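Reading the structure
Listed below, chain by chain, are the residues.
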Amino acid sequence: VVIPYLLKIWALVHTRHLDWQLDMYVERDNAQLDEEVRKLNANINVYPPVNDIMERYIDRSILVSTSIYESFSLVIAEAMSCGIPVVSFFSDGPSSIVTDGYDGFLVKDRNIELFAKQVCLLIEDENLRQKMGKNAIMSAQRYSADNILQKWRTLFDSFQ
């Protein structure tokens, strides 16, 4: 379900921004996905998962997350720590990480048109994209190792 939403959204974005590309990191050996991407002809690159994803984030501008049921999303937190604003469907996980309008956008009700509109807004407004990216770095600090370790210490100390 995730990928069809993503492809529909990107098809809308691509009509307005032919020079932008979508890079997807997914398990390969999916002939159906390859065929759908080929048919769309919308500047989409499909890559296999990589171990150095943080290196890939650095060269990206926006994280598009189309999961509709998501617990805590490490992908979102990682991207934000690299200064990448996020556009995601609203669900429990993303809404606990992303502050709508501050470090990304949360789109309710699986609204594909609004989702594409928010992606286009970030593409078209570089200042907004950079501002949200800086905010994303600040927001992601909540999940730094030092902050998380302190929470664990506090928890364990409460048992004594």
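The coordinates are above.
Per-chain numbering applies: the sequence of each chain, read as written, is numbered from 1 onward. Where totals are concerned, whole chains, interfaces and linings use all residues; where local detail is concerned, this predicted model gives features only for residues with pLDDT of at least 70, and gives and counts side-chain atom pairs only at 80 or more. Hydrogens are left out, water is left out, and the side-chain values use all remaining heavy atoms of the structure.

Looking now at the pattern of salt bridges. When a carboxyl oxygen of Asp or Glu lies within 4 Å of a side-chain nitrogen of Lys or Arg, that pair is called a salt bridge. Across all of its chains, the model carries 4 salt bridges by this definition. Across the salt bridge formed by Glu124 and Arg16, the nearest N and O atoms sit 2.6 Å from each other. Note that Glu124 is positioned in helix H6 (residues 112-124) and Arg16 in helix H1 (residues 2-16), a separation of 108 residues in sequence. For Arg16, a relative accessible area of 48% gives the class partly exposed. One salt bridge connects Arg60 with Asp23, and the closest N-O pair in it is separated by 3.1 Å. With a gap of 37 residues between them, Arg60 in the loop between helix H3 (53-58) and strand S3 (63-65) and Asp23 in strand S1 (residues 22-25) connect regions that are remote in the sequence. Relative accessibility decides the category of a residue: with a 1.4 Å probe and only protein chains considered, values under 20% of the type maximum give buried, values over 50% give exposed, and everything between is partly exposed. What makes Arg60 partly exposed here is its relative accessible area of 28%. A run of DSSP states H or I qualifies as a helix once it reaches four residues; a run of E qualifies as a strand once it reaches two. Both are numbered from the N-terminal end.

Glancing now at the sheet that holds strand S4 (residues 86-89). Strands pair in a sheet through their backbones, by hydrogen bonds, and they do so in one of two ways: parallel or antiparallel. Note: two strands are recorded as paired if DSSP finds a minimum of 2 bridges between them. Judged by pairing direction, the sheet is parallel, and its 3 strands sit side by side in the order S3-S4-S5 without closing on themselves. What marks the edges here is a single partner per strand, and that holds for S3 and strand S5 (104-107). Here the average twist between neighbouring strands, direction ignored, is 10°. Inspection of the sheet shows S3 paired to S4 by 3 bridges, in the parallel sense. The partner of Leu63 across the bridge, within S4, is Val86. A fitted line through C-alpha atoms represents every axis, and for helices the fit uses only the stretch in contact; the resulting angles, taken between N-to-C directions, go from 0 to 180 degrees.

Turning our attention to the packing of aromatic side chains. Pairing of aromatic rings covers Phe, Tyr and Trp, the last counted by its six-membered ring, and requires centre-to-centre distances within 6.5 Å; plane angles under 30 degrees mean stacked, over 60 mean edge-to-face, and any other angle means tilted. This structure, assessed with the given rule, holds 5 aromatic pairs. Centroid distance Phe72 to Tyr143: 5.1 Å. Interplanar angle 65°. Geometry classified as edge-to-face. Of the two residues, Phe72 sits in the loop between S3 and helix H4 (74-81) while Tyr143 sits in the loop between helix H7 (126-140) and helix H8 (145-158), which places them 71 residues apart along the sequence. Looking at Phe72, the relative accessible area reads 41%, which means it is partly exposed. Taken together, the ring pairs in this structure connect Tyr5, Phe89 and Phe115 into an aromatic cluster.

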